[in-house]
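# Survey of secondary and tertiary structure
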Amino acid sequence: MIILKNEYEIAIMREANRILAHLFEHIEPMVQPGITTIELDREAELFIRSRGARPAFKGYRDYPATLCTSVNEEVVHGIPGPRVLESGDIVSIDVGALLDGFYSDAARSFPVGVISPSARRLLEVTRDSLEAGIAQAVPGNHLYDISAAVQKVAESGGFSVVRDFVGHGIGRSLHEAPQIPNFGRRGKGPVLQEGMTLAIEPMVNMGTHKVLIKSDGWTAVTEDSSLSAHFENSIAITKDGPLVLSAP
Ligand code: MF3
Ligand code: CO
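Rules used throughout
- Residues numbered from 1 in each chain as written.
- Chains lettered and ligands numbered in written order.
- Predicted model: local features only at pLDDT ≥ 70, side-chain atom pairs only at ≥ 80, totals over all residues.
- Heavy atoms only, no water.
- Axes fitted to C-alpha atoms, helices over the stretch in contact; angles between N-to-C directions.
- Helix = DSSP H or I, 4+ residues; strand = E, 2+ residues; numbered from the N terminus.
- Parallel < 35°, antiparallel > 145°, perpendicular 65-115°, else oblique.
- Left-handed = near helix turned anticlockwise from the far one by under 90°.
- Contact = heavy atoms within 4.5 Å.
- Nonpolar A, V, L, I, M, F, W, Y, C, P; charged D, E, K, R; others polar.
- Buried < 20%, exposed > 50% of the residue type's maximum accessible area, 1.4 Å probe, protein only.
- Polar contact = N/O pair within 3.5 Å; in protein donor to acceptor, adjacent residues only side chain to side chain.

On to the packing of helix H1 (residues 7–27) against helix H2 (residues 37–50), then. In the contact formed by H1 and H2, the axes pass within 10 Å of each other and the chain directions differ by 140 degrees. Between H1 and H2, the angle is such that the two are oblique. Our pair here, H1 against H2, has a crossing hand that is right-handed. Judged by residue contacts, Ile19, His22, Leu23, His26 and Ile27 of H1 engage Glu43, Ala44, Phe47 and Ile48 from H2. Classifying every residue of the contact of H1 with H2 gives 6 nonpolar, 2 polar and 1 charged.

Below, the structure is given as structure tokens:
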């Protein structure tokens, strides 16, 4: 069952997600060669708490941190630690917060120092695929119109979409129905309605779409060690179309 939210609930979710957009603005300048992923995590936790919210991922299924920091071939759920970011890396930062009973969830992939033209294109295409998916989030469309739009942009760019992780509904739980694959056929899936709140999150790989989980039980990496990017926004479907909640 997909839980619809009223305008008051959506207003709270907007605030919970706005914190994440502001967090990205705050930490983007810190994403430089020489910083460790745990330093980014500490800063993010302080930032979220200073806004009166709580980190959403910490403690979720025993996840130990505020951020997921996934570097290069890491797809999602990389655990912050002593790893030092180097020029040429890309790092995907995924974060959620809990404010007044509602969750937020968003991710951005950042370049570290100077990155290759192909890595830059991967970041651009992944962001474009998210935008294309969001544009389909209008009442009357079908859920997999979002999926198909994401897939088309990613694959037209010469990249592959991860199958093993999906976007999701979001609200009083971090993960609600429906699951939102990043591949699918137009015209399929439930009909989208005003009041649905969705976290749309393409993970796009340079090589194979296949992923493996490392021995830490969390970190997903590409099977062929090719680069991977991840952009996520939480949105609400309104009568006027998609409202991006995780925007400044
Ligand atoms: N954005 C990711 C998701 O929707 C966040 C993972 S939550 C974690 O699943 F706590 F498990 F890391
Ligand atoms: Co998510």
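Time to look at the side chain of asparagine 141. Along the chain, asparagine 141 falls in the loop between helix H3 (117–135) and helix H4 (143–156). In contact with asparagine 141, other than residues within four places in its own chain, are Gln136, Pro190, Val191 and Leu192.

Below, the discussion takes up the side chain of lysine 5. One can find lysine 5 in the segment before H1. In this structure lysine 5 comes out as buried when scored by relative accessible area, which is 8%. In terms of polar contacts, lysine 5 uses its side chain to reach the backbone carbonyl oxygen of isoleucine 3, at 3.0 Å. Among the polar contacts made by the side chain of lysine 5, one reaches the side chain of glutamate 176 at a distance of 2.7 Å. Residue contacts for lysine 5: discarding those within four places in its chain leaves Ile10, Met13, Ile170, Gly171, Glu176, Gly195 and Thr197.

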